[in-house]
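Here is what each chain is made of, one letter per residue.
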Amino acid sequence: MSNQNEIVLDHTGYVGHGNTPAAWACIAILTVGVLLAVVGFTIEVMILLWVGIALCGVGLVVGFVMKRMGMGYEGEAARAAENGGHGH
């Protein structure tokens, strides 16, 4: 007996898991920014709080710009497709 609603999974596609230079740079800068902001808030040093918040904005911009330069998931997937489906 055959099941007409059978689901076939295709595991040949590229899955990047966010492991790209753009993601790493964005998260690294965001981590430093959040830590500075938390410390500044905790010890009530407002300049440190605002520097941390500004650094978070810089991290988002850096990640976006690097993604647009082809260092994000789309660039990784395109390079993987050129290499026959293997990302690394």
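It should be noted that the structure appears before, not after, this text.
Residues numbered from 1 in each chain as written. Predicted model: local features only at pLDDT ≥ 70, side-chain atom pairs only at ≥ 80, totals over all residues. Heavy atoms only, no water.

### Describing the overall build of the protein chain
Counting secondary structure elements, the protein chain contains three helices and zero strands. If you list the helices and strands of the protein chain from N to C, you get α-α-α. When the 88 residues of the protein chain are sorted by exposure, 22% land in the buried category. (Helix = DSSP H or I, 4+ residues; strand = E, 2+ residues; numbered from the N terminus. Buried < 20%, exposed > 50% of the residue type's maximum accessible area, 1.4 Å probe, protein only.)

### Some remarks on unusual backbone geometry
Phi is positive for Glu-44, close to 60 degrees, though the residue is something other than glycine. Here Glu-44 is to be found in the loop between α1 (21-42) and α2 (46-71). Judged by relative accessible area, which is 68%, Glu-44 ranks as exposed.

### Structural notes on α2
Note: α-helices contain 3.6 residues per turn, so residues at a spacing of three or four share the same orientation. Spanning 26 residues, α2 covers 35 Å between terminal C-alpha atoms, matching the ideal 38 Å at 1.5 Å per step. For α2, the complete set of buried residues consists of Leu-49, Gly-52, Cys-56, Gly-59, Gly-63 and Met-66. Buried residues along α2 sit against α1. (Expected span 1.5 Å × (residues − 1). Contact = heavy atoms within 4.5 Å.)

### Here we look at the environment of Gly-63
Here Gly-63 is to be found in helix α2. Relative accessible area serves as the criterion here: at 10%, Gly-63 is assigned to the buried category. Residues Gly-63 and Ala-23, 40 residues apart in the sequence, show an inter-C-alpha distance of 6.2 Å. If sequence neighbours within four positions are ignored, Gly-63 has contacts with Ala-22 and Cys-26.

### Regarding the environment of Ala-28
Position of Ala-28 among the secondary structure elements: in helix α1. The spacing of Ala-28 and Cys-56 is 28 residues in sequence and 9.8 Å in space, taken between C-alpha atoms.

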